[in-house]
Amino acid sequence: MKKKIFSGVQPTGNLHLGNYLGAIKNFVSLSNDNENECIFCVVDLHAITVTQDPAILRENIRETVATFIASGIDPKKSIIFNQSQVVAHAEAAWILSCTAKMGWLNRMTQFKEKAGKDKEKASVGLYSYPILMAADILLYDSTHVPVGNDQKQHLELCRDIAQKFNNDFKVDDFFKIPEPLIQKEFSRIMSLKDGSKKMSKSDLSDLSRINLTDEKDEILNKIKKAKTDSLSIPTNIKEFVDRPEARNLIGIYSSLASMTFEDTIQKFSGKNFSELKENLSQILIDNLNPISNEIKKLLKEKSYLDKILEDGCQKADNIASKKIKKIHDIVGF
Ligand code: AMP
Ligand code: TRP
């Protein structure tokens, strides 16, 4: 049986190396396997859980599509669409919010991080966001969901919601229970300025991340300024304890070079960080420059990008509208 792959990325700008190595690179290899049916969703409904400027949001939706294509996803083989245009997502999210329990959502660590100290001021949407994510996945009978490590808990919640719905309504196997696909090594790329924080779109310092649209000079500068420590590069894994920045830089190098962590340590062991940084900048430029150039080229072709979304939305709607009809029947509408 074909695997049904589904994943989503928020169109919130600044797509970075963490998004690429944690998620998009994996999307590309999955989509190149003819055994898989892939759907990649630009989750604009998720984006508005925090305040967005409408004009910028519109551009960021196109930029996310451009990034998918520039990274190597073929829109003829995979469905690429934006969530808001397939109405079943919002509707299924409502229905599933009546299955999910407050206690389950209260455990979500991402909400706690994102809402910060003043939870009273967070939007209700930010709180219920994982239910919308479950709706995204379940509407397509997805079997596998490639995501970065930070989404693992949301995937578990999705599985719980699917199971409870199936049990409550005695419809065994109606919602498929999806498997997460999370990279084993380096599923979490950390900030270049603080190895204990994940690389993030929302970090105020642009020096904390490598954006997929960064030019060669920006990459060189950011890697040069990346935080390290005063020791030389460890000779074995044990020596990485309490050295998160060293671990992160070695991890990024191994992911890009498709080398194991151990082999990368061997390559640089005992050397200075300056040597690692030179090699790292080069491999980043070699990998990201073609993507960055292609994104910039595609962004000039707005109608091409819009057409991809339009076609993708039609195909997605075809699948999702059938599933939501069955959901109506099951719940008694
Ligand atoms: P988002 O930008 O939050 O929509 O995330 C899109 C995808 O990138 C998700 O699968 C995330 O898990 C993944 N991701 C985001 N930040 C990182 C990071 N620093 N390291 C690894 N994966 C990440
Ligand atoms: N919540 C995910 C993130 O912030 C994005 C997302 C929304 C998603 N719906 C999804 C990922 C469905 C996988 C499957 O990264």
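Right above here is the structure, for reference.
Thresholds, definitions, all that
- Residues numbered from 1 in each chain as written.
- Chains lettered and ligands numbered in written order.
- Predicted model: local features only at pLDDT ≥ 70, side-chain atom pairs only at ≥ 80, totals over all residues.
- Heavy atoms only, no water.
- Near = heavy atom within 4 Å.
- Polar contact = N/O pair within 3.5 Å; in protein donor to acceptor, adjacent residues only side chain to side chain.
- Helix = DSSP H or I, 4+ residues; strand = E, 2+ residues; numbered from the N terminus.
- Areas by Shrake-Rupley, 256 points an atom, 1.4 Å probe, with all protein chains shown as cover.
- Contact = heavy atoms within 4.5 Å.
- Axes fitted to C-alpha atoms, helices over the stretch in contact; angles between N-to-C directions.
- Parallel < 35°, antiparallel > 145°, perpendicular 65-115°, else oblique.
- Left-handed = near helix turned anticlockwise from the far one by under 90°.
- Nonpolar A, V, L, I, M, F, W, Y, C, P; charged D, E, K, R; others polar.

## Re the site of ligand 2
Thought 1: The local shell around ligand 2 holds 13 residues, among which Q10, Y129, M133, D136 and Q151 are the closest.
Thought 2: Within the side chain of D136, a nitrogen or oxygen atom sits 2.7 Å from a nitrogen atom of ligand 2.
Thought 3: Measuring from a nitrogen atom of ligand 2, one finds a side-chain N or O atom of Q151 at 3.1 Å.
Thought 4: Mapped onto the shell around ligand 2, the elements with two or more residues apiece are strand 1 (3-9) and helix 7 (124-138).
Thought 5: By residue number, the principal contributor to the shell around ligand 2 is helix 7, which donates four residues.

## A closer look at the site of ligand 1
Thought 1: Around ligand 1, the structure places 17 residues, and the nearest of them are G148, D150, I189, M199 and K201.
Thought 2: Here a nitrogen atom of ligand 1 and a backbone polar atom of I189 are 2.8 Å apart.
Thought 3: Protein burial of ligand 1: of its 480 Å² of free accessible surface, 93% is covered by the chains.
Thought 4: For the shell around ligand 1, the element with the most residues is helix 1 (residues 17-31), which contributes four residues.

## Details of the side chain of N82
Thought 1: Relative to the helices and strands, N82 resides in strand 3 (residues 79-82).
Thought 2: Discounting chain neighbours no more than four positions away, the residues touching N82 are V42, D44, I61, L309 and C313.

## Thoughts on the packing of helix 4 (residues 88-97) against helix 13 (residues 302-331)
Thought 1: At their nearest, the axes of helix 4 and helix 13 sit 10 Å apart, and the two run at 25 degrees to each other. Between helix 4 and helix 13, the angle is such that the two are roughly parallel. Classified by chirality, the crossing of helix 13 by helix 4 is left-handed. Residues A88, E91, A92 and I95 of helix 4 lie in contact with helix 13, whose contacting residues are A320, I324, I327, H328 and V331.
Thought 2: Looking at the contact of helix 4 with helix 13 residue by residue, the class counts come to seven nonpolar, one polar and one charged.

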